Amino acid sequence: METINASFIHLDLVGVLLLLIFGFVGGLVSGFIGSGGAFVLTPAMMSIGVPGIVAVASNICHKFPKALVGALKRAKYGQVDFKLGAVLGVSAEAGMLYGAHLQESIKTAFGHAGSNLYVSAAFVFVLAIVGGFVLLDAWKIHRTGDYHAEEKLTRLARWVQALNIPGTMIYFPSIKTRISFLVTIPIGFATGMLAATIAVGGFIGVPAMMYVLGVPALMASASELAIAFIMGVGGTIKYGWGGFVDIRLAMIILAGSLFGIQLGAIGTTYVKPYMVKVVMGVIMIVVLVSRAIVIPVYLSDLKLIGEIAPETVRHLQNLSFGIMSLALLAGAGIILRALIMGMHTHHKELAVAAATTALAARRKPLRLSPVGHFDHILTATDGSEFSAGALRVATRFAKRNQAELTTMSMVMIDLEIEGMAAEVIKQAEGEARQVLAAAQAVARAEGYDTRIELRQGLNAHKEIVRLADDQHADLIVMGRRGRRGVALMMVGESTRKVIGYADCSVLVVPRAAGIWERRILLATDGSRHGEMAAEAAGQVAKIFGLPITLISVLRPKFDDQRRAEAQLEVDRVRDALSREGIEVDSNMLEGADPAAAIVEFARQRGADLIVMGSHGRTGIGRLLLGSVSEQVIGLATCPVLMVKA
Amino acid sequence: MPDKRKDLGPLLTFGGLTAVLYFLLFYFESEIVELTSQGGWTFLLPVAVAFAISYSHGNFTSQFWDWLGIKAKH
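Parameters at a glance
Residues numbered from 1 in each chain as written. Chains lettered and ligands numbered in written order. Predicted model: local features only at pLDDT ≥ 70, side-chain atom pairs only at ≥ 80, totals over all residues. Heavy atoms only, no water. Helix = DSSP H or I, 4+ residues; strand = E, 2+ residues; numbered from the N terminus. Contact = heavy atoms within 4.5 Å. Areas by Shrake-Rupley, 256 points an atom, 1.4 Å probe, with all protein chains shown as cover. Buried < 20%, exposed > 50% of the residue type's maximum accessible area, 1.4 Å probe, protein only. Pairing = 2+ DSSP bridges. Axes fitted to C-alpha atoms, helices over the stretch in contact; angles between N-to-C directions. pLDDT = per-residue confidence, 0-100. Phe/Tyr/Trp six-rings, centres within 6.5 Å; stacked < 30°, edge-to-face > 60°. Buried area = accessible area lost by both parts, 1.4 Å probe. Salt bridge = Lys/Arg side-chain N within 4 Å of Asp/Glu carboxyl O. Polar contact = N/O pair within 3.5 Å; in protein donor to acceptor, adjacent residues only side chain to side chain. Nonpolar A, V, L, I, M, F, W, Y, C, P; charged D, E, K, R; others polar. Core = buried A, V, L, I, M, F, W, Y, C linked by side-chain atoms within 4.5 Å. Patch = residues over 30% accessible without salt bridge, like charges linked within 9 Å, V, L, I, M, F, W, Y side chains within 5 Å. Parallel < 35°, antiparallel > 145°, perpendicular 65-115°, else oblique. Left-handed = near helix turned anticlockwise from the far one by under 90°.

A.B. asks: Looking at this structure, how should I read the overall build of chain B?
C.D. replies: Looking only at helices and strands, one finds three helices and zero strands in chain B. Counting from the amino terminus, helix and strand elements in chain B follow one another as α-α-α. The long-range share in chain B, meaning contacts at least 24 apart out of those at least 6 apart in sequence, stands at 78%. For chain B, the computed accessible surface area is about 3,900 Å², with 71% contributed by carbon and sulfur atoms.

A.B. asks: Hey, could you run me through the overall build of chain A in this one?
C.D. replies: The number of helices and strands found in chain A is 19 helices and twelve strands. When each of the 645 residues of chain A is scored for burial, the buried share is 56%. For chain A, restricting intrachain contacts to residue pairs at least 6 apart in sequence, the fraction spanning at least 24 positions comes to 79%.

A.B. asks: What's the story with the sheet that holds strand S10 (residues 584-590) of chain A in this structure? I'm lost.
C.D. replies: Residue and element names in this part refer to chain A. The strand order across the open sheet formed by ten strands is S5-S4-S3-S6-S7-S12-S11-S8-S9-S10, and the pairing between neighbours is mixed. Both outer strands of the open sheet, strand S5 (451-457) and S10, are each paired with one neighbouring strand and no more. Neighbour-to-neighbour, the strand axes of this sheet turn through a mean angle of 25°, independent of strand direction. Bridge analysis of strand S7 (residues 505-509) against strand S12 (residues 640-644) gives three bridges, and the strand direction is antiparallel. Counterpart to Val506 in the pairing with S12 is Met642. Lying over the sheet, helix H14 (residues 460-470) contacts strand S3 (376-380), strand S4 (404-412), S5 and strand S6 (475-479), oriented at roughly 135° with respect to S5. Seen against the sheet, helix H15 (residues 493-501) touches S6, S7, strand S11 (609-614) and S12 and runs at an angle of roughly 165° to S6.

A.B. asks: Please explain the confidence of the model for chain A as it appears in this structure.
C.D. replies: Interpretation of the predicted coordinates at a detailed level should be avoided for regions scoring low in pLDDT. All names here are of chain A. Of the residues in chain A, 87% have a pLDDT of 70 or more, and the chain-wide mean is 81. Here helix H2 (residues 38-47) is the element of chain A with the lowest mean pLDDT, 79, and strand S8 (residues 520-523) is the one with the highest, 93. Counting contacts from residues 416-420, a segment whose pLDDT is below 50, to residues more than four positions away or on other chains yields 26 contacts. Between residues 616-624, whose pLDDT stays under 50, and residues either more than four places distant or in other chains, the model counts 13 contacts.

A.B. asks: Help me understand the pairing of S6(A), please; the structure alone is not making it clear to me.
C.D. replies: Both faces of the sheet carry side chains from a regular strand, because those side chains alternate between them. Residues and elements named next belong to chain A. Within S6, five of the five residues are buried, leaving the element largely enclosed by the surrounding structure. Burial of the side chains of S6 extends over both faces: Leu475, Val477 and Gly479 are buried on one face and Ile476 and Met478 on the other. Bridge count for S3 against S6 is three bridges, and the pairing is parallel. Bridge pairing links Leu378 to Ile476 in S6. Across five bridges, S6 lies against S7 in parallel orientation. In the sheet register, Gly479 faces S7, and the bridge partner there is Val509.

A.B. asks: Mind showing me how you'd approach the packing of aromatic side chains here?
C.D. replies: Centre distance and the angle of the planes are the two values used to describe a pair of aromatic rings. Residue and element names in this part refer to chain A. Inspection of every chain in the model, using the stated rule, returns 17 aromatic pairs over all chains. Taken together, a centroid distance of 5.4 Å and an interplanar angle of 80° make the contact between Phe397 and Trp516 edge-to-face. Within this pair, whereas Phe397 is found in helix H12 (residues 385-401), its partner Trp516 is found in the loop between S7 and S8, the two being separated by 119 residues in sequence. For the pair Phe397 and Trp516, one class covers both residues: buried. Summarising the aromatic geometry, the rings of Trp516 and Phe544 are spaced 5.4 Å apart at their centres and angled 65° between planes, so their arrangement reads as edge-to-face.

A.B. asks: Explain the interface of chain A and chain B to me, please; I cannot follow it from the model alone.
C.D. replies: By a frequent convention, interface size equals the accessible area lost on bringing the separate parts together. Counting from both sides, the interface comprises 48 residues of chain A and, opposite them, 39 residues of chain B. Together chain A and chain B conceal approximately 4,200 Å² of surface at their shared face, both sides included; 66% is due to carbon and sulfur atoms. Considering only the side of chain A, the residues that lose the most area to chain B are Trp241(A), Phe259(A) and Arg466(A), jointly responsible for 15% of the buried surface there. Scanning the region where chain A abuts chain B turns up one salt bridge. Where chain A packs against chain B, one counts six residue pairs in polar contact (both at pLDDT 80 or more). Those elements that place two or more of their residues in the side of chain A that touches chain B are helix H3 (52-76), helix H8 (217-241), helix H9 (247-267), helix H11 (310-363), helix H13 (421-445), S5 and H14 of chain A. No other element matches H9(A), which puts eleven residues into the side of chain A that touches chain B. Its residues assigned to classes, the side of chain A that touches chain B comprises 26 nonpolar, eleven polar and eleven charged.

A.B. asks: Got a minute to help me understand the environment of Ile334(A) in this structure?
C.D. replies: All names here are of chain A. Residue placement: Ile334 occurs in helix H11. Ile334 sits in the partly exposed class, given a relative accessible area of 36%. Linking Ile334 and Val29, residues 305 residues apart in sequence, is a C-alpha distance of 10.0 Å.

A.B. asks: Looking at this structure, how should I read the confidence of the model for chain B?
C.D. replies: All names here are of chain B. Looking at chain B as a whole, its pLDDT mean stands at 80, while 85% of the residues score no less than 70. No element of chain B has a lower mean pLDDT than helix H3 (residues 44-68), at 83, and none a higher one than helix H1 (residues 8-27), at 89. Taken together, the chains of this predicted complex give a pTM of 0.64 and an interface ipTM of 0.88.

A.B. asks: What is the right way to read the nonpolar core from this model?
C.D. replies: Generally speaking, soluble globular proteins have nonpolar side chains that are buried together. Residue and element names in this part refer to chain A. Phe39, Phe203, Leu213, Tyr239, Ile247 and Met251 are the most contacted members of the largest nonpolar core, which totals 103 residues. With 13 residues, the top contributor of residues to this core is helix H4 (residues 82-144). Discounting chain neighbours no more than four positions away, the residues touching Leu213 are Leu84, Ala157, Val160, Gln161, Ile175, Ile179, Val183, Thr184, Ile187 and Ala208. Counting residues in each nonpolar core, the second largest holds 39 residues, with Cys504, Ile551, Ala636 and Met642 among its members.

A.B. asks: Quick question: what am I supposed to make of a nonpolar patch on the surface here?
C.D. replies: Residues and elements named next belong to chain B. A cluster of nonpolar side chains, Val20, Phe23, Leu24, Tyr27 and Phe28, forms an exposed patch at the surface whose accessible area comes to about 510 Å². Relative to the elements of secondary structure, Tyr27 occurs in helix H1. Judged by its relative accessible area of 57%, Tyr27 is exposed.

A.B. asks: Honestly, the packing of helix H6 (residues 181-198) of chain A against helix H7 (residues 202-213) of chain A in this entry has me stumped. Any pointers?
C.D. replies: A pair of packed helices is characterised by two quantities: the angle between their axes and the separation of those axes. Residues and elements named next belong to chain A. Close contact between H6 and H7 brings their axes to 8 Å; oriented N to C, the two are set at 160°. In this view, H6 runs roughly antiparallel relative to H7, as classed from their interaxial angle. Between H6 and H7 the crossing geometry is right-handed. Along the contact surface, H6 presents Val183, Thr184, Ile187, Ala190, Thr191, Leu194 and Ile198, while H7 presents Phe203, Ile204, Gly205, Ala208, Val212 and Leu213. When its residues are assigned to classes, the contact of H6 with H7 shows ten nonpolar, three polar and no charged.

A.B. asks: Looking at this model, I keep getting lost on the side chain of Glu224(A). Mind explaining?
C.D. replies: Note that Glu224(A) resides in helix H8. If we ignore the near neighbours within four places in the chain, the residues touching Glu224(A) are Thr191(A), Gly201(A), Gly202(A), Gly205(A), Val206(A) and Met209(A).

A.B. asks: Just checking my understanding: could you explain the side chain of Asn59(A) for this structure?
C.D. replies: Residues and elements named next belong to chain A. Structurally, the position occupied by Asn59 is in helix H3. Within polar-contact distance, the side chain of Asn59 engages the side chain of Thr42 at 2.9 Å. Beyond its immediate stretch of four places on either side in the chain, Asn59 contacts Ala38, Leu41, Thr42, Met45 and Ala199.

A.B. asks: Which parts of the structure should I look at to understand the environment of Met280(A)?
C.D. replies: Residue and element names in this part refer to chain A. Along the chain, the position of Met280 falls in helix H10 (residues 273-301). Classification of Met280 by relative accessible area gives buried; the value is 12%. Along the sequence, Met280 and Ala138 sit 142 residues apart, while their C-alpha atoms lie 9.5 Å from each other.

Laid out in structure tokens, this is it:
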């Protein structure tokens, strides 16, 4: 391809499409094998004519924002040792700057041919070692069938951890011991140097952390993301300063790789562990061969060997490109096949389970109006102190009404960046199952049982609403976030969205609140939603044998007609509840701040449940609860039942 | 299965934003290439573009697979 200037290639449609495909497959492979896709992407870019230094620079640039996102996400699982990341990152930064300087010097002295030879030779050398080890490892796992070999501390790591050089020791939380920074400096420097040379520093960083320092595998790969970010910023500035970052290439590859990386990460959960290593090792070796084939061309350009005929040069370049494409297509084929077949089988199993649940739901008698019925209660827990109150109240409510109780927890899955998907998911699932087991123990301690459900997804609120829909739940019981400072008025993002999106009623329970035992406060605004709330409040009052205090808050700006209408509505609701045999008293309050008035009145009357109607909003309005409802939920010390019309 | 249209909002927002960012990148392709190949302080441009597109496109792809219902085995 012709060049626009010394470094950047001209991009036509074919070039863009090829880069997109390379990006997608590179992402697929890197998500699948849990390693940076740059070991595929850099050679792929070079094989369509991008100079080595530009390929490396552009890859480093497209990677570091992803590394930041990945590091922050993995930090949520407590897998990132930021101190180790920072200490290694500083020396890696030095290695990166030195490596980039070396690249630029080679390019200046020997031109693009020299730079291409340097990058290609580094690839052949590194991929031969790493690819060989990976295949050996795959063979061992396959032979012994030991998929879950426990990580053992290597002899080297034990020696490093025992080493004590006064004045150089630093404590690292991931290893729970002190290590001399004289050991970490060479590791960081080599990682940075390799990243500047082939855009993949993790080939040194991750194994060195595991085998030399004794960092657990999950933490090593997560902390590497922090290092990659630090190195990426330095590398991008260094290469960008020299004018070697082709942002178009980086962004087209990013477009493809972001789609691929998540599919690849999901794919790992459907295949046997040795398969992941086989794919990784085979791709590495094929990429190595593809790079090795063109080395004579660069040697000839540099006049280090005899001149090669132009025809032969073209053949070698085409062969290199063909082998590279074949490797990527084969890798993508294996991963996609594993994913499709695995998902097909898995979905069949899930469909059988869902059909059983649906059949059970159909066998129950049909209710024409679900409002005010609480036959199936769903509660969501994340194991935090905030959901403890919700779990307690949901269990007691279900027990009192002999309702079906389901407790759900979820695993947040968003693997757009990092690999080791299977391990990350396994760990997160393990923690979620522990939370559910603890929830079941709480329910049993109350003398009731709960079905448990584990869901995975991107957003908690979506999964909660989906499960409520699937199970025809009548009520979702959720916790409420903190009550200090700014959080005082915050309902909690997930709770707010569940109220907005759910088709059934939602009960919001503050951390310290218990089941209601004294009085129900029903706040009505004279709308249809208020009538639904009255019906639900009446049902709860009958189940628990409690009186209801009915209130309507008049704002000072209301005219006489509006006040008369409000009074009429309150009288109607009071009469309807009285006819049901419920003890009820009605009150008209005056106040510019209805939420504060409702909560204060509930406190004065000793009410320990507030019931309100919720506007079934659509579109953007779903995300905005009525401001009064949200404030009541935020201010109340007792549970608040939001009844959906 | 709940109505998938409910989840389309964030998907389309990030998808639209990503499309606009890519359109701008290639609409001003020659200017950007010219500027960034000069080196020096122009390195800030690729860094800013990388952050903006990573954020927008990353969110879009996550929502996309979630919307299609492709999830890890559990």
